[in-house]
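Residue-level listing of the chains:
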Amino acid sequence: MAERIDHDVKPTPIGPDAREELERLLQSLHEQGMLRFANDVVSAKSPVLKVLLDGLGKQATLNAIQNLSILGMALSRIPPEDFYKLVFGMKDALAALSRSPTASGKEEAPGVTGVYRMLNDDELWASLRPALDAVQAFSRRMAEPADKPVTQFTGKQTEM
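One structure accompanies this document, and this report is about it.

**Here's the deal with the overall build of the chain**
Here is step 1 of the chain: The helix and strand tally for the chain stands at 8 helices and 0 strands.
Here is step 2 of the chain: Burial statistics for the chain: of 160 residues in total, 2% are counted as buried.
Here is step 3 of the chain: When the accessible surface of the chain is totalled, it reaches about 15200 Å², and 62% of it is carbon and sulfur.

What follows is the structure, encoded as structure tokens:
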């Protein structure tokens with residue numbers, strides 16, 4: 001019986017190889033002036049680094065960075081379909097607020113009878129229930145003592 005012959009078939013080149021792509025990238029960066037900019041930044045490392053560190057060392061900058069990270073943590077917990085509903089619900093609410101209630105621009109008070117009818121309007125209460133629940137949840141969160149955001153998010157204690 002004959003022995004098996006090992007033969008690796010090399011794939012047909014379908015485009016430029018890595019070296020050609022790298023040369024093309026370098027040429028594009030040069031043509032756009034990015035290489036010169038990068039060289040200038042590296043050459044002026046002391047003044048640029050000083051400006052960056054001075055800016056990052058300010059309390060306002062640290063607050064902004066922490067606030068952005070908190071926003072990212074909160075957004076990471078919201079499923080995209082819920083966030084979609086929230087954003088477009090707010091858009092629809094703002095559109096409804098901007099419309100004038102009547103042609104004259106003034107809405108008449110409902111009166112005692114109108115208020116009584118509103119109290120018995122199940123559809124009205126069903127539509128108000130989510131808003132009331134949201135206000136209660138917001139109120140509960142505002143009453144809680146503030147802990148470090150990372151501790152609240154992960155449950156791990158932090159030092160600072």
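Back to the write-up after that little detour.
**Quick word on a nonpolar patch on the surface**
Here is step 1 of the chain: Together, Leu68, Leu71, Leu75, Ile78, Phe83, Tyr84, Leu86, Val87, Phe88 and Met90 make up a nonpolar patch on the protein surface, roughly 920 Å² of accessible area in all.
Here is step 2 of the chain: Elements supplying a minimum of two residues to the nonpolar patch: helix 4 (59-76) and helix 5 (80-98).
Here is step 3 of the chain: Looking at which element gives the most residues to the nonpolar patch, the answer is helix 5, with 6 residues.
Here is step 4 of the chain: For Leu68, the location among the structural elements is in helix 4.

**Some words on the packing of aromatic side chains**
Here is step 1 of the chain: Applying the stated criterion across every chain, the model contains 1 aromatic pair.
Here is step 2 of the chain: Ring centres of Tyr84 and Phe88 lie 4.7 Å apart, and the angle between their planes is 40°; on these two criteria the pair is classed as tilted. Here the residue Tyr84 and the residue Phe88 both occupy positions in helix 5, the gap between them amounting to 4 residues, near one helical turn.
Here is step 3 of the chain: Residue classification places Tyr84 among the exposed positions, given a relative accessible area of 52%.
Here is step 4 of the chain: With relative accessibility at 38%, the residue Phe88 sits in the partly exposed group.

**Re the pattern of salt bridges**
Here is step 1 of the chain: Applying the stated criterion across every chain yields a total of 5 salt bridges.
Here is step 2 of the chain: With its nearest N and O atoms 3.9 Å apart, the salt bridge here joins Arg24 to Glu21. Of this pair, Arg24 and Glu21 are both found in helix 1 (residues 18-31), 3 residues apart, which corresponds to roughly one turn of the helix.
Here is step 3 of the chain: Residue classification places Arg24 among the exposed positions, given a relative accessible area of 54%.
Here is step 4 of the chain: Judged by its relative accessible area of 33%, Glu21 is partly exposed.
Here is step 5 of the chain: One salt bridge in this structure joins Arg129 and Asp133, with 2.9 Å as the shortest N-O distance. Taken together, the residues Arg129 and Asp133, both in helix 7 (residues 122-143) and 4 residues apart, mark about one turn of the helix.

**Focus on helix 7**
Here is step 1 of the chain: Here helix 7 spans 31 Å end to end across 22 residues, near enough to the 32 Å set by a 1.5 Å rise per residue.
Here is step 2 of the chain: At Leu128, helix 7 shows its maximal kink, close to 35°; a proline, Pro130, follows between one and four residues later.

Reading the values: rules and limits
- Residues numbered from 1 in each chain as written.
- Predicted model: local features only at pLDDT ≥ 70, side-chain atom pairs only at ≥ 80, totals over all residues.
- Heavy atoms only, no water.
- Helix = DSSP H or I, 4+ residues; strand = E, 2+ residues; numbered from the N terminus.
- Buried < 20%, exposed > 50% of the residue type's maximum accessible area, 1.4 Å probe, protein only.
- Areas by Shrake-Rupley, 256 points an atom, 1.4 Å probe, with all protein chains shown as cover.
- Patch = residues over 30% accessible without salt bridge, like charges linked within 9 Å, V, L, I, M, F, W, Y side chains within 5 Å.
- Salt bridge = Lys/Arg side-chain N within 4 Å of Asp/Glu carboxyl O.
- Phe/Tyr/Trp six-rings, centres within 6.5 Å; stacked < 30°, edge-to-face > 60°.
- Expected span 1.5 Å × (residues − 1).
- Bend = angle between axes of the 7 residues up to and from the residue.

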